[in-house]
Amino acid sequence: MRIAVISDIHGNLSALQAVLKHISRREVEMIYCAGDLVGYVPFPNEVIDLLKENKIPVVMGNYDDAIGNRRFICGCDYKDEQARALGKKSIIWTRENVTEKNKEYLRNLPAEICFRAGKFDVMIVHGSPLQLNEYLDQGTKPDYLPELLHIFQSDVLICGHTQFPYHKALNSGKHVINAGSVGKPKHGDPHASYVIIEFGNTVEVCVQKVAYNVESMAMAVEISGLPKEFAEVLRSGTG
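Quick caveat, the model's predicted, so the values are computed rather than measured. Note that residues are indexed from 1 along each chain, following the sequence as it is written. Reporting of local features is limited, given that this is a predicted model, to residues whose pLDDT is at least 70; pairs of side-chain atoms are given and counted only at 80 or more, and all residues count toward the totals for whole chains, interfaces and linings. Heavy atoms throughout the structure, all of them, feed into the side-chain values; hydrogens and water do not.

A.B. asks: Go over the sheet that holds strand 3 (residues 113-117), please, and point to the residues and values.
C.D. replies: Overall, mixed pairing links the five strands, which are arranged 3-4-5-7-6 in an open sheet. Bordering the open sheet on either side are strand 3 and strand 6 (166-169), each of which pairs with just one other strand. On average, each strand axis in the sheet is inclined to that of its neighbour by 15 degrees, with strand direction left out of account. Paired strands are those between which DSSP finds at least two bridges. In this description a helix means any DSSP run of H or I spanning at least four residues, a strand means any run of E spanning at least two, and both kinds are numbered starting from the N terminus. Bridge count for strand 6 against strand 7 (residues 175-178) is four bridges, and the pairing is antiparallel. Looking at strand 7, one finds that Ala169 is bridged to His175. Lines fitted to C-alpha atoms define the axes here, with helix axes fitted over just the stretch in contact, and angles between the N-to-C directions of these axes take values from 0 to 180 degrees.

Below you can see the structure in the form of structure tokens.
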């Protein structure tokens, strides 16, 4: 079985279109999305509509929860007060611009998707199985991940949220995979990222980076009323 997993689109329509076109040439059986469809880039409704049109199963991200349930915070880990203030502006803008129909869609997204792929039990979440805004990143304690997979009886845990793609093959024979970010990457260049996962005797993961019209999205941010700092984030690919 061969699947693609996308995550953290954050309203970036051009990046999503480019990634879906890229996936269409990769002979995958399914596409899944690990959440955070909205926020930061000004095309939240178009992103949601495109995912619906392509019938892509989606789990709820922390930003989806915030907008769908009209929360004032998104549960993001801001590095300083300036970042927090910018994040608040993004929440307000997104809440005002997402349609009521799409808020309902976000509100009803599942917290997890589970399925069997060959001999592997697979779980897709946004942050972690415990919290949708928990960061499972490269610095997560090594003994925590096997315990987490044991508790939730999963062989492969796929997540997003950190916006940095990785694959950790654990000594237990289990796997943790981060799908990276389509719309707001943190890997140091502006390319959209996602993962292709092949399930056979083992689990093979290939991180894909896709070029798209970054400048068009950056300019759209600048004229939208969103903080202009988000345009520079897109141009630099530093989240």
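Structure shown, so let's carry the discussion forward.
A.B. asks: I'd like a rundown of the nonpolar core, residues and numbers included.
C.D. replies: Counting 48 residues, the largest nonpolar core has Ile6, Ile9, Leu16, Leu37, Leu51 and Leu106 as its most contacted members. Per-element tally for this core: the top contributor is helix 1 (residues 13-23), with seven residues. Residues Ile113, Phe120, Val122 and Ile197 belong to the second largest nonpolar core, which totals 19 residues. Only buried residues count toward a nonpolar core, which is a set of Ala, Val, Leu, Ile, Met, Phe, Trp, Tyr and Cys residues joined through side-chain atoms within 4.5 Å. The buried label goes to any residue with under 20% of its type's maximum accessible area, the exposed label to any with over 50%, and the partly exposed label to all in between, with areas taken from a 1.4 Å probe on protein chains only.

A.B. asks: I'd love a proper account of the side chain of His175, names of residues and values included.
C.D. replies: Within the secondary structure, His175 sits in strand 7. With a relative accessible area of 6%, His175 lands in the buried category. For the purposes of these results, a polar contact is taken to be a pair of N or O atoms within 3.5 Å, where, inside protein, one atom must be able to donate a hydrogen and its partner to accept one; residues adjacent in sequence count only when each atom of the pair is a side-chain atom. A distance of 2.9 Å separates polar atoms of two side chains, one belonging to His175 and the other to His167. Pairs of residues are marked as contacts when any of their non-hydrogen atoms sit within 4.5 Å. In this structure His175 touches Leu149, Asp155, Val156, Leu157, His167, Lys168, Ala169, Thr202 and Val203, once residues within four positions along its chain are discounted.

A.B. asks: Which residues make up the state of the cysteines, and what values do they have?
C.D. replies: When the sulfur atoms of two cysteines come within 2.5 Å, that pair is taken as a disulfide. Applying the stated criterion to the full structure yields zero disulfides. Left unpaired, Cys33 is separated from the closest cysteine sulfur, that of Cys159, by 13 Å. Classification of Cys33 as buried rests on a relative accessible area of 0%.

A.B. asks: A description of unusual backbone geometry should follow, citing residues and the corresponding values.
C.D. replies: The phi angle at Glu27 is positive, at roughly 55 degrees, despite the residue not being glycine. As for its placement among the helices and strands, Glu27 is situated in the loop between helix 1 and strand 2 (30-33). Here Glu27 falls in the exposed class, since its relative accessible area comes to 70%. Its identity is not glycine, yet Lys55 carries a phi of approximately 55 degrees, on the positive side.

A.B. asks: Quick rundown of the pairing of strand 9 (residues 203-210)? Include the residues and the values.
C.D. replies: Sheet topology note: the strand 8 (residues 192-199)/strand 9 ladder contains eight bridges and is antiparallel. Of the residues in strand 9, the one forming a bridge with Glu198 is Glu204. Turn length for the strand 8-strand 9 hairpin, with the two strands adjacent in sequence and antiparallel, is three residues.

A.B. asks: Got a sec to walk through the packing of aromatic side chains? Specific residues and values, please.
C.D. replies: In this analysis, rings of Phe, Tyr and Trp, with Trp reduced to its six-membered ring, are considered paired at centre separations within 6.5 Å, and the interplanar angle assigns stacked below 30 degrees, edge-to-face beyond 60, and tilted for intermediate values. Summed over the entire model, instances satisfying the criterion amount to four aromatic pairs. Taking the centre distance of 5.0 Å and the plane angle of 85 degrees together, the rings of Tyr40 and Phe230 count as edge-to-face. Note that Tyr40 is positioned in the loop between strand 2 and helix 2 (44-53) and Phe230 in helix 8 (residues 229-236), a separation of 190 residues in sequence. Just as Tyr40 is buried, Phe230 falls in that class too. Through pairs of rings, three or more aromatic residues link up here, namely Tyr40, Tyr63 and Phe230. Remark: a charge is flagged as sitting over a ring if the NZ atom of Lys or the CZ atom of Arg is within 6 Å of the ring centre and within 35 degrees of the ring normal. The lysine or arginine in question, Lys168, covers the ring of Tyr166, its NZ or CZ lying 5.5 Å from the ring centre. Directly above the ring of Tyr40 sits Lys184, whose terminal nitrogen or CZ lies 4.3 Å from the centroid.

A.B. asks: Go over the sheet that holds strand 2, please, and point to the residues and values.
C.D. replies: Taken in spatial order, the four strands line up as 2-1-8-9 in an open sheet, and their pairing is mixed. Edge positions in the open sheet fall to strand 2 and strand 9, since each of these has one partner strand only. Neighbour to neighbour, the strand axes of the sheet diverge by 25 degrees on average, direction disregarded. Bridging between strand 1 (residues 2-6) and strand 2 involves four bridges; their strand directions are parallel. Along strand 2, the bridge assignment pairs Ile6 with Cys33. Packed onto the sheet, helix 1 meets strand 1, strand 2, strand 8 and strand 9 and runs at close to 30 degrees relative to strand 8.

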